[in-house]
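Here's the letter readout for the chains.
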Amino acid sequence: MTVQSSTRGVFATLFPYIKSHRTKFVLVFGLVVTVVVIDLLQPLLVKEAIDSYVTVSKPDSGAIVRMAALYLGLVLMAFGLTYYQDIVLQRLGLSIVRSIRIDLFKHIQRLALRYFDQNSAGRIMTNVVSDTEALNNFFTQFLANTLRGGFTLVLIMFFMLRLNVTIALNCFLLLPLVIVLAVFFQRKIRAINTQVRHRLGVLIGFLAENLSGMPIVQIFHQEAKQQKRLDLRNKELLQSTILENQFFLLFFNLTELFGDLAIAALVWYGGRGALGGSISFGVLYAFVGYIRRFFQPINTISQQMNTLQSSIVASDRIARTLQEVPDIQELVEAKAPVISGHIKLDGASLAYRPGHPVLQNIHLTIHPGERVGFVGATGAGKTSIMNLVTRFYDVTEGSVVIDGKDVREWPLDVLRQTVGIVQQDVTLFSGTIIDNIRFFRSEIPAEKVREACRLVGAEPFIFRQDRGYETILSERGSTLSAGERQLLSFARVLIFDPRILILDEATACLDSRTEEVLQRAIHRVSAGRTLLVIAHRLSTVQQMDTICVLEQGRIVESGNHSDLLRRQGYYWQLHRAGLLQEEFA
Amino acid sequence: MSSSSRSKTIKIKEMSGLLVVGSYIRRNWVVYSVGISLVAVGSLVSAQIPRLLGRFTDSLRNGTLGASDISGYVWLIVTIGVARVSAGWCGRILVHRKGRQLTYRLRKELFDKWVTLSPSYYHRNSVGDMISHALSDVEVVRELVSQGINQGASGFAMLLGVIWLMAVHVDWRLTLAGLGPLLFIPLLVKWLGPRIRLQSQRSQEALGAMAQTTEEVIGGIRAVKAFGTEQVVISRFESRVDAIVEEKMHLVHLTALFGSLVPLMVNLGFIFVLAYGGYLVTMKVISLGDFVAFTLYIAMLRQPMEQMGNVLNVVQRSGASLNRIDHLLHAVPEVLDRKALLQDNSLKGALQVKGLSFSYSGSKREVLHDISFSVKPGQTLGIIGVMGSGKSTLADLLLRMYDPPEGTVFIDGVDILQYPLAILRNGIAYVPQDGFLFSTTVLENIAFSDEYPDRQKAERCAKITAVHKNIMGFPDQYDTEIGERGVRLSGGQKQRIAIARMIYKDAPFQIMDDSLSAVDTSTERLILNNLRELSKSHSGSQESSLKVTLIISHRLSAVQHADEIVVLDDGKIVERGNHLSLIAQGGIYAEQWFMQAGKNEDVDLEASTFEAGRDSSQPDLDIEMEALEAGRLEEAS
């Protein structure tokens, strides 16, 4: 994508948000101009004092004091205005970014599972967190600084021209030089800074890895080798930080030197003018004052180019996400049928990538209340069948019909209420146990949650936690064991009460007591529901009314446990090899 | 301990933190004194420019200025400009370079220390914290010794220069009026700086909370969608975003206050100079030139004053960082070479564990209780147990990641505490549970024990662990990077490469800690067969000699062919024997075996020879095993 079109993308994304805050922006502009003018009056005031009250035949100290008093008023006003302007602008930026963040997040929530499977969590995170933060910097840094810097520059030029056109134009000759210098060095410093950050990243990565793998380093007795490697990276970092610093100092000192030379030039040129009487000394003084302030805004603005660039890239990415169309959409006149829990897959096929089908022509009928187990190696298509029943994905061919109605014609929310899942890796959020069970729906009464927990046998371990149901789970419930997490998710199922339950059985090694509790809970939870189990344990599979054996996207065998064993087919082989336990590897 | 003596020890601690920097500066005192003097001289000289402009003004006003004088002034300004810039420049380069070298040194010293520390240290301290020492704490120290020194020197010199020039030569009252408000700037920085820093930290945390919520939602998107809770999640996210806005607005209030107060101080100074100085000029107390110089000084002093405030903050902040670094550099590794005469033969022979009980320091609970076993070269010991049964602790003790009690673990009849760590660890190869690999090439990972990787040897090892074919499928084969920048490996591939790394090391002792858990059963069998052959064969390839092998596992199939198997439960050996005898015992092992291999269903189906009696089940089992082996052979042929 070209820079131009992406620049347009930024404005297309941001414009609607900015438009709704027009008046605030105008206010900020006005405030910035006022503040800058007050600041820039200083050299003019001294000039006025020198030319009108000191170097005249009758010096007037009273007038000077009056002038100072007047300026004091202005300065106090500027103090208030600066403060106010800063807050208005920052609040503006923050509220715009707030709306963008929320809109972005809402949009992402609407996207189908395909989006989440195709984009890594890290990428989405970057989008929601860092990209929006880069936009925030656009307002709080880029806009704030360029506005101020730009107005300062323009107003200095204006004042200079008012004072003396010839000297002003001569001073402007400096501008291109300073700009070139600033742009050159900023670019150079940015490049080196990128290198520094890269090398720092490499060093930190190396450190992080070696610290977490320290036992390996020590056991293989490779401390010296790793020390040498760290040294290599550490030295590289040292070199580039020194280089960065040298460029920075070069730039800083050259600017300073330029300032001194410009003053020397002013003294030379203006001094002769003053000597000849063509310009007053006050004017010369004002120029000295202004030329010193000439460099700062240019530097500030060129520094902000970095921020501008990254916010362009960021908003481009945000715009693309916002343009993403959800590929699972609710039919406009979708209506739910009478729900009983009957499932029919009619020649259903699914391909995540075109030409690579993961399910081929699946025919399967499951009656209400039936319990069906799915077995097969990793990649055989067990999870994909579940993805179709929940309508996380749409079939590429055939259809999935629940209670006589194609799932594509169901209202999504009713479908999701009807089909519940218990995942192997139970999703827990930071929050209390009770909120995690009712999924933060505070309208669900606590008593109902407790009852569900009692039924699945989760209450004993919940009461063992510090604050019972109110215990806050840290780091996604890492303090709970796999079995305990499963129990929580079973309680969740009882509360949400789906007609059809999909259960992805946990493969984790559990001690026999937990195993027993879990098995009992599964019984409790599955009673009265149509049950689809991705099974990993013989004990579970055996209890199923029907077992479907999947191989490479097809159902190769089905029947109950003893039927299948008698047939001595694929199931029997799996069984023999002990793969039913271990296939998750 | 009384409170006063405690505060004294804290004092001493703080002092010792500063010693790190102090001794560094002392060692480089020449560079520092030259650098600091140059910076100071540069600032003193720059204070001359406004004064020069003042003199120029006066002579212009008095009419004593000739055209030749003008060029004299011009050259003087140019000379002073060049002189002050070059002096400051050189001084800053020196000081900054030294500061960056200090960060390099500190990071190096930290890592040098970290490689000596034992796992217990890593248990107590998170990697994240340690990284932040290497990153932020070291960075703060650099700020102190480079920026801090530079800005302190230049600001102080300039302030002194200006005061001396103006108060002594011109008028002290005007100096006080003009500089007075400016002197508040460092105080302002000192007052608001830490608050701003704290608040900015808070808004970072708010941002982090939003990131965490996002991460949770993205990670659990299936559950979110399945339970139809998008709205709930969105409102959670909204509250996080609102928290960010709130924290940031607090921050904005502080920065806006700072950003408007500092110019106010400068402007007040200017106004005092304008009013009082203007009055003094008209009264002819001071010359117009002095007045001009004064106004220029005010503008000139703003930056140094802000920097002086910064210096105060850096000094304050660096105290804590210095202490943390110092504390780290003085951490004492728990596992050390004994001081007494040490064994200097390399390991070769048998491993013997006698009555080993162990509990971690600070805990009363015995993780291991009265463990005894011995393994001879060429033999394999299997250790079985569920999570938390103590089997990994056992491995840690053999490796001396923690020191076992004296007189419990022997190699070649010598207590392992008598071996230097280097020799001990050279003699043991190990595969960790998670198959930890480094983000470097496959080759370097397998040949981790070698300075210069031997490609052929690495390939042989990879073949033994059945990962060679996978590796040949990677884009750069053995030179493929592992990790974020290269290929992502499956758990099984990781483990197999980690085992190849163990084989490559070719050590007389091999420990595998649950290192086949992510490998499917038939590959597991293949790898174990290969390993068995390798550790029992006397001749042939280089990687072979009689080895002691320990296989720790929760999966019975991994240990089934071991010469002896011990079953650990809650730190105790509850069963021991070989596979067949354990099956015959009919205890935990047998129960697990039938569950894991899926035998109990067969028993049901075939009307249970098992029920009839345990002894009679044994021949059946052998037949089963034979059938299985035969099946495998058929598949292979």
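Keep in mind it's a predicted model, so treat the numbers as computed, not measured.

1. Points about the overall build of chain A
Regarding its fold elements, chain A presents 22 helices and twelve strands. For chain A, buried positions account for 56% of its 585 residues. In chain A, the share of contacts with a sequence separation of at least 24, taken over all contacts with a separation of at least 6, comes to 76%. Surface accessibility of chain A: about 25300 Å² in total, with carbon and sulfur atoms responsible for 56%.

2. Here we look at the overall build of chain B
The number of helices and strands found in chain B is 22 helices and ten strands. By residue count, 54% of the 637 residues in chain B fall in the buried class. For chain B, long-range pairs separated by at least 24 residues make up 75% of all intrachain contacts whose partners lie at least 6 apart in sequence.

3. As for the nonpolar core
In terms of nonpolar packing, the biggest core is built from 306 residues, with Met160 and Phe490 of chain A together with Trp114 and Leu351 of chain B touching the most fellow members. Counting residues per element, this core draws most heavily on helix 9 (residues 230–282) of chain B, at 19 residues. The contact partners of Leu351 of chain B, leaving out residues within four places of it in the chain, are Phe373, Ser374, Val375, Leu398, Val409, Phe410, Ile411, Phe509, Val548 and Leu550 of chain B. In terms of nonpolar packing, the next biggest core, distinct from the first, is built from 44 residues, Ala462, Leu489, Met502 and Tyr589 of chain B among them.

4. Comments concerning the interface of chain A and chain B
Of the residues lining the interface, 133 residues belong to chain A; the matching set on chain B comes to 137 residues. Here Asp260 of chain A makes a salt bridge to Arg84 of chain B, at a shortest N to O gap of 2.8 Å. Across the chain A-chain B interface, the total number found is 21 residue pairs in polar contact (both at pLDDT 80 or more). Broken down by element, the side of chain A that touches chain B gets its largest block of residues, 32 residues, from helix 9 (residues 223–276) of chain A. Of the residues contributing to the side of chain A that touches chain B, the split by class is 76 nonpolar, 31 polar and 26 charged.

5. Remarks on the environment of Ile291 of chain A
Residues and elements named next belong to chain A. Among the structural elements, Ile291 can be located in helix 10 (residues 281–293). The class for Ile291 is buried, based on a relative accessible area of 2%. Along the chain, Ile291 and Cys171 lie 120 residues apart, while their C-alpha atoms are 7.7 Å from each other. Sequence-distant contacts of Ile291, that is, excluding residues within four places in its chain, are made with Met160, Cys171, Leu174, Ala262, Ile263 and Leu266.

6. Quick word on the pattern of salt bridges
Applying the stated criterion to the full structure yields 34 salt bridges over all chains. Salt-bridge contacts for Arg441 of chain A lead to Glu443 of chain A; the nearest nitrogen and oxygen are separated by 4.0 Å. Accessibility expressed as a relative area gives 58% for Glu443 of chain A, which makes it exposed. The closest approach of N and O atoms between Asp137 of chain B and Arg324 of chain B, which form a salt bridge, is 2.8 Å.

7. Points about the sheet that holds strand 9 (residues 564–569) of chain B
All names here are of chain B. Taken in spatial order, the six strands line up as 6-7-8-3-9-10 in an open sheet, and their pairing is mixed. The open sheet has two free edges, formed respectively by strand 6 (428–431) and strand 10 (572–577), since each of these has just one partner strand. Strand after strand, the sheet turns through a mean of 15° between neighbouring axes, direction not considered. The pairing of strand 3 (residues 380–384) with strand 8 (residues 548–553) spans five bridges and is parallel.

8. Some remarks on the pairing of strand 9 (residues 500–504) of chain A
A regular strand places its side chains on the two faces of the sheet in alternate fashion. Residues and elements named next belong to chain A. Counting buried residues along strand 9, five of its five residues qualify, which places the element largely inside the surrounding structure. Burial of strand 9 is two-sided: the residues Ile500, Ile502 and Asp504 facing one way and the residues Leu501 and Leu503 facing the other way are all buried. Relative to strand 9, strand 6 (residues 419–422) runs parallel, the two sharing four bridges. When the sheet's bridge partners are listed, Val419 is paired in strand 9 with Ile500.

9. Regarding the environment of Ile149 of chain B
Residue and element names in this part refer to chain B. Topologically, Ile149 is positioned in helix 6 (residues 127–169). Spatially, the C-alpha atom of Ile149 lies 7.4 Å from that of Ile36, the residues being 113 residues apart in sequence. If near-sequence neighbours (up to four positions away) are discounted, Ile149 is found in contact with Ile25, Tyr32, Ile36, Val95 and Leu144.

10. Section: the packing of helix 7 (residues 172–219) of chain B against helix 9 of chain B
At a minimum axis distance of 9 Å, the contact between helix 7 of chain B and helix 9 of chain B shows a crossing angle of 170°. Between helix 7 of chain B and helix 9 of chain B, the angle falls in the class roughly antiparallel.

11. Looking at the side chain of Gln90 of chain A
Examined against the element boundaries, Gln90 of chain A turns out to sit in helix 3 (residues 61–110). Overall, the relative accessible area of 11% leaves Gln90 of chain A in the buried class. Discounting residues that sit within four places of it in the chain, Gln90 of chain A has contacts with Thr140 of chain A together with Val252 of chain B.

12. A word on helix 5 (residues 121–163) of chain A
Here helix 5 of chain A spans 60 Å end to end across 43 residues, near enough to the 63 Å set by a 1.5 Å rise per residue. For helix 5 of chain A, the principal kink sits at Asn127 of chain A and spans about 35°.

13. Some details on helix 12 (residues 382–389) of chain A
Residue and element names in this part refer to chain A. Burial runs high along helix 12: seven of the eight residues are buried. Along helix 12, the residues classified as buried are Lys382, Ser384, Ile385, Met386, Asn387, Leu388 and Val389. Just downstream of helix 12 lies Arg391, where phi reads positive at about 55°.

14. Brief notes about the side chain of Thr146 of chain A
All names here are of chain A. Along the chain, Thr146 turns up in helix 5. When its relative accessible area of 16% is taken as the criterion, Thr146 is described as buried. Side-chain polar atoms of Thr146 contact the backbone oxygen of Phe142, separated by 2.4 Å. Setting aside its immediate chain neighbours within four residues, Thr146 contacts Gln141, Phe151, Ile301 and Gln304.

The rules we used
Residues numbered from 1 in each chain as written. Chains lettered and ligands numbered in written order. Predicted model: local features only at pLDDT ≥ 70, side-chain atom pairs only at ≥ 80, totals over all residues. Heavy atoms only, no water. Helix = DSSP H or I, 4+ residues; strand = E, 2+ residues; numbered from the N terminus. Buried < 20%, exposed > 50% of the residue type's maximum accessible area, 1.4 Å probe, protein only. Contact = heavy atoms within 4.5 Å. Areas by Shrake-Rupley, 256 points an atom, 1.4 Å probe, with all protein chains shown as cover. Core = buried A, V, L, I, M, F, W, Y, C linked by side-chain atoms within 4.5 Å. Salt bridge = Lys/Arg side-chain N within 4 Å of Asp/Glu carboxyl O. Polar contact = N/O pair within 3.5 Å; in protein donor to acceptor, adjacent residues only side chain to side chain. Nonpolar A, V, L, I, M, F, W, Y, C, P; charged D, E, K, R; others polar. Pairing = 2+ DSSP bridges. Axes fitted to C-alpha atoms, helices over the stretch in contact; angles between N-to-C directions. Parallel < 35°, antiparallel > 145°, perpendicular 65-115°, else oblique. Expected span 1.5 Å × (residues − 1). Bend = angle between axes of the 7 residues up to and from the residue.

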